[in-house]
Amino acid sequence: MARPTANFVCQQCGATHRKWAGKCDDCGAWNSITEEAASEAAPKGVSGAGGRPVSFVPLQGTEEQQPRITTGISEFDRVCGGGLVAGSALLVGGDPGIGKSTLLLQATAGLANADTQVAYISGEEAVDQIRLRAARLGLAGAPVGLATATSVRDILATLDRPDAPRVVVIDSIQTMYVDTLDSAPGTVAQVRSAAQELIRLAKRRQLTLVLVGHVTKEGAIAGPRVLEHMVDTVLYFEGERGHQFRLLRAVKNRYGPTDEIGVFEMTGTGLAEVSNPSELFLAGHSDNVNGTVVFAGIEGTRPVLVEIQALVTPTALGTARRAVVGWDSARLAMILAVLQSRCGLNLGAADVYLNVAGGLRISEPAADLAVAAALISAHLGQLLPARTVVFGEIGLGGEVRAVGQSEARLKEAEKLGFTTAIVPQAAPRRRGERATESSIATHDMASLHDLFAIFEDAVAAGKTAAV
Ligand code: TYD
Ligand code: MG
């Protein structure tokens with residue numbers, strides 16, 4: 001006799017458990033397990049009897065490259081890999097209130113104005129609310145098909161037709177429900193099967209399906225993580241609620257690169273594209289504050305200059321504090337350890353604060369050298385030479401390693417008026433301080449000792465910090 005299957009499902013990761021527990025063993029989330037209606041018993045083993053043989057085909061086909069449907073919002077199109085693809089499913093995740101509905105309303109209006117048939121189906125807001133927003137965004141004239149619905153059956157009935165809209169936005173997947181399931185909308189079972197049905201429709205009818213998903217930390221609503229493997233593209237819309245900057249980041253893309261970011265600014269009239277993010281992240285940068293260093297980074301295909309700030313203060317408590325915003329705290333611990341054991345810079349009795357200005361999150365190891373420079377600068381109270389950018393990876397031996405795309409980083413720095421760069425030795429082709437193709441003077445670092453030498457030169461030149 002088949003035993004009933006486990007019906008306690010973690011709302012964060014979708015793992016099923018036999019009994020309720022306070023913590024999910026699979027993803028470590030607390031208080032995320034809820035009881036859901038049991039699905040049918042686990043399938044028995046299958047044999048090949050009665051199955052149809054699958055035919056193999058060569059890798060090379062006659063299919064042409066899929067045409068992209070562009071929204072006209074170039075930051076959005078670029079993150080998608082050049083536009084939307086027919087027959088694909090895209091998930092836009094993010095915290096509630098971050099601007100997902102605003103972004104997608106603007107994108108659908110862009111599509112509609114370019115004569116693509118689009119439908120915007122909201123399960124969260126009333127038609128009047130969306131109309132008000134559209135009016136505020138100046139998009140009320142766009143021929144978007146607007147509807148409010150939450151039943152997947154109704155949506156399928158509407159869209160499963162040859163003349164269905166080419167692009168369909170579902171805002172949000174957590175409000176959708178499939179009436180064959182007992183569980184409430186927003187639970188893993190509902191979110192998963194609603195998405196499955198809609199994606200199947202999109203593949204069959206060659207529609208582009210855009211799903212909005214809220215990310216919740218509490219686990220009250222199923223996180224869109226359970227959907228990540230079902231869709232073709234996953235974009236996360238992130239940003240600090242207090243900042244007006246918003247980043248659209250591709251974390252999975254079957255039709256394009258995944259490290260691309262799009263930068264937007266939330267204004268009174270919707271999201272505005274930021275085509276030169278370096279200028280935005282460097283707004284307010286000052287050359288005369290110690291502990292601040294400009295890092296020449298690469299986000300996706302684009303160089304982005306961003307300010308890294310460090311603050312080192314004597315610790316008031318027994319244990320020193322390390323607080324990091326926008327970078328990996330384990331990576332900071334590593335840099336501090338290397339500085340201590342290779343260069344004798346002991347910050348063990350100091351609180352260390354590290355911040356990436358502007359709300360950006362950096363994951364590149366190329367930021368190591370900039371972080372080390374910011375820490376040394378803050379510790380010594382000493383400035384780097386003015387108009388300097390820094391990049392390079394640091395190894396555990398204190399050596400500075402080469403990183404990719406140095407020329408692109410240097411060009412961007414030059415464009416923004418920087419004159420000097422502190423770079424890994426291997427990056428340029430010749431040693432010593434000289435002009436590269438981008439006419440920026442470079443200081444080549446073989447190890448962290450060379451970085452200290454730059455600060456010593458600055459001391460010798462009598463440059464001390466204003467703060
Ligand atoms: P919204 O798109 O509703 O967020 P989500 O769908 O991700 O939950 O955005 C809501 C926030 O955006 C809200 O706090 C107000 C702000 N906003 C503006 O600042 N300007 C605007 O023009 C619009 C439409 C929204
Ligand atoms: Mg919304």
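One numbering rule holds for all chains: residues counted from 1, following each sequence as written. Ligands are numbered from 1 and chains lettered from A, in the order in which they are written. Reporting of local features is limited, given that this is a predicted model, to residues whose pLDDT is at least 70; pairs of side-chain atoms are given and counted only at 80 or more, and all residues count toward the totals for whole chains, interfaces and linings. By convention in this description, side-chain values take in all heavy atoms of the structure and omit both hydrogens and water.

Colleague: How should I be thinking about the overall build of the chain in this particular structure?
Modeller: The helix count covers DSSP runs of H or I at least four residues long, the strand count covers runs of E at least two residues long, and both are numbered beginning at the N terminus. Scanning the chain from N- to C-terminus turns up 10 helices and 23 strands. In terms of principal-axis extent, the alpha carbons of the chain reach across some 80 × 55 × 50 Å. The classification of residues rests on relative accessible area computed with a 1.4 Å probe and restricted to protein chains. Under 20% of the type maximum is buried, over 50% is exposed, and intermediate values are partly exposed. In the chain, which comprises 467 residues, the proportion classed as buried is 48%. Whether two residues are in contact is decided by their heavy atoms: any pair within 4.5 Å suffices. Taking as baseline every contact in the chain between residues at least 6 positions apart, the subset at least 24 positions apart corresponds to 67%. Summed over all atoms, the accessible surface of the chain reaches about 22300 Å², with 52% contributed by carbon and sulfur. A gap of 4 Å separates the mean positions of the 43 positive and 49 negative side-chain charges of the chain. Only the protein chains shown count as cover for residues, and all accessible areas are computed by the Shrake-Rupley method using a 1.4 Å probe. Residues scored as charged are limited to Lys and Arg (positive) and Asp and Glu (negative), so that His and the chain ends carry no count. Lysine's charge is taken at NZ, arginine's at CZ, aspartate's at CG and glutamate's at CD.

Colleague: Even after reading the chapter, I still don't get the site of ligand 1, so can you show me in this structure?
Modeller: Taken together, 16 residues surround ligand 1, and among them G97, K100, S101, T102 and G270 come closest. Between ligand 1 and G99 there is a distance of 3.0 Å, counted from an oxygen atom to a backbone nitrogen or oxygen. Here G268 contributes a backbone N or O atom positioned 3.2 Å from an oxygen atom of ligand 1. Relative to its free-state accessible area of 560 Å², ligand 1 is covered by the protein chains to the extent of 75%. Contributions of two or more residues to the shell around ligand 1 are made by α2 (100-113), α3 (127-136) and β13 (261-267). Ranked by residue count, the leading element in the shell around ligand 1 is α2, at 3 residues. Proximity criterion: a residue is near a molecule or strand once any of its heavy atoms comes within 4 Å of it. Definition of a polar contact: a pair of N or O atoms within 3.5 Å, with one able to donate and the other able to accept a hydrogen when the atoms are protein atoms, and with sequence-neighbouring residues admitted only if both atoms are side-chain atoms.

Colleague: Any chance you could explain helix α9 (residues 406-415) here in plain terms?
Modeller: In an α-helix, one turn spans 3.6 residues; hence positions three or four apart end up facing the same way. By the burial criterion, the buried members of α9 are S406, R409, L410, E412 and A413. For α9, the buried positions fall inside an angular range of 160° around the axis, keeping them on one side. Packed against the buried residues of α9 are α6 (277-281), β15 (292-299), β16 (302-314), β19 (388-390), β22 (420-424) and β23 (441-445). Once α9 finishes, G417 follows within two positions and takes phi at roughly 85°, a positive value. Note that the arc is defined by the directions from the helix axis to the C-beta atoms.

Colleague: I would appreciate a short explanation of the domain arrangement of the chain in the present structure.
Modeller: Accessible area lost upon the coming together of the parts is a frequently used measure of interface size. Delimitation of the domains relies on an automatic or database domain assignment. For the chain, the assigned domains are domain 1 (6-37), domain 2 (74-275) and domain 3 (279-426 + 438-466). Just the C-alpha atoms count here: the centres of domain 1 and domain 2 sit 27 Å apart.

Colleague: In this structure, what is going on with the pattern of salt bridges? I would like to understand it.
Modeller: Pairing between side chains of opposite charge can happen when their charged atoms approach one another. We define a salt bridge as a side-chain nitrogen of Lys or Arg found within 4 Å of a carboxyl oxygen belonging to Asp or Glu. Applying the stated criterion across every chain, the model contains 18 salt bridges. The network of salt bridges with shared partners includes E75, R78, E260 and R302.

Colleague: Sorry, what's going on with the environment of T258 here?
Modeller: The residue T258 is located in the loop between β12 (245-253) and β13 in this model. A relative accessible area of 39% means that T258 is categorised as partly exposed.

Colleague: For this particular structure, what's the right way to read the sheet that holds strand β18 (residues 350-356)?
Modeller: Spatially, 7 strands are ordered β17-β18-β16-β15-β19-β22-β23 in an open sheet, and the strand pairing comes out mixed. In the strand order of this sheet, the two ends are held by β17 (322-325) and β23, each with one partner. Strand-to-strand twist of the sheet, defined as the mean angle between neighbouring strand axes without regard to direction, takes the value 25°. Two strands pair when backbone bridges link them, and β16 and β18 are joined in this way by 7 bridges, in the antiparallel orientation. Of the residues in β18, the one forming a bridge with L311 is Y353. For helices, the axis comes from a line fit to the C-alpha atoms of the stretch in contact; other axes are also lines fit to C-alpha atoms, and the angle between any two N-to-C directions lies between 0 and 180 degrees. Sitting on the sheet, helix α7 (residues 329-343) is in contact with β17 and β18, with an inclination near 125° to β17. Along the sheet, helix α8 (residues 368-380) makes contact with β15, β16, β18, β19, β22 and β23, crossing β16 at roughly 35°. Any two strands with at least two DSSP bridges between them are considered paired.

Colleague: Can you help me understand the confidence of the model for the chain in this one?
Modeller: Do not read the predicted coordinates in detail wherever pLDDT is low. Values of pLDDT, ranging from 0 to 100, describe the predictor's confidence in every residue of the model. Across the chain, the average pLDDT comes to 86, with 91% of residues at or above 70. Of the regions scoring below 50 in pLDDT, residues 427-435 engages in 22 contacts with residues more than four places distant in sequence or in other chains.

Colleague: Sorry, what's going on with the state of the cysteines here?
Modeller: What makes a disulfide is a covalent bond joining the sulfur atoms belonging to two cysteines. Cysteine sulfur atoms that come within 2.5 Å of each other are treated as a disulfide pair. As enumerated under the stated definition, the model contains 0 disulfides in all. With no disulfide of its own, C24 lies 3.7 Å from the sulfur of C10, the closest cysteine sulfur.

Colleague: Can you help me understand the packing of aromatic side chains in this one?
Modeller: Given two aromatic rings, one states the distance between the centres and the angle between the planes to describe the pair. Any two of the Phe, Tyr and Trp rings considered here, Trp counted by its six-membered ring, make a pair once their centres fall within 6.5 Å; the pair's planes then place it as stacked at under 30 degrees, edge-to-face at over 60, or tilted in between. On inspection of all chains with the given rule, the structure shows 1 aromatic pair. For the ring pair F237 and F264, a centre distance of 6.0 Å and an interplane angle of 75° mean the geometry is edge-to-face. Here F237, found in strand β11 (residues 233-238), pairs with F264, found in strand β13; they are 27 residues apart in sequence, far enough to count as distant. There is no split in this pair, since F237 and F264 are both buried.

Colleague: Any chance you could explain the environment of N113 here in plain terms?
Modeller: Locating N113 in the fold gives a position in helix α2. Under the relative-accessibility criterion, N113 is labelled exposed at 52%. Along the chain, N113 and R387 lie 274 residues apart, while their C-alpha atoms are 44 Å from each other.

Colleague: Would you take a moment to explain the pairing of β13 for this structure?
Modeller: Two elements, β12 and β13, share 5 bridges in a ladder whose sense is antiparallel. Within β13, the residue paired with L248 across the bridge is G262. Note: β13 against strand β14 (residues 270-273), 4 bridges, orientation antiparallel. The residue bridging F264 from the neighbouring strand is E273, located in β14. Hairpin geometry of β13 and β14 is characterised by an intervening segment of 2 residues between the two adjacent antiparallel strands.

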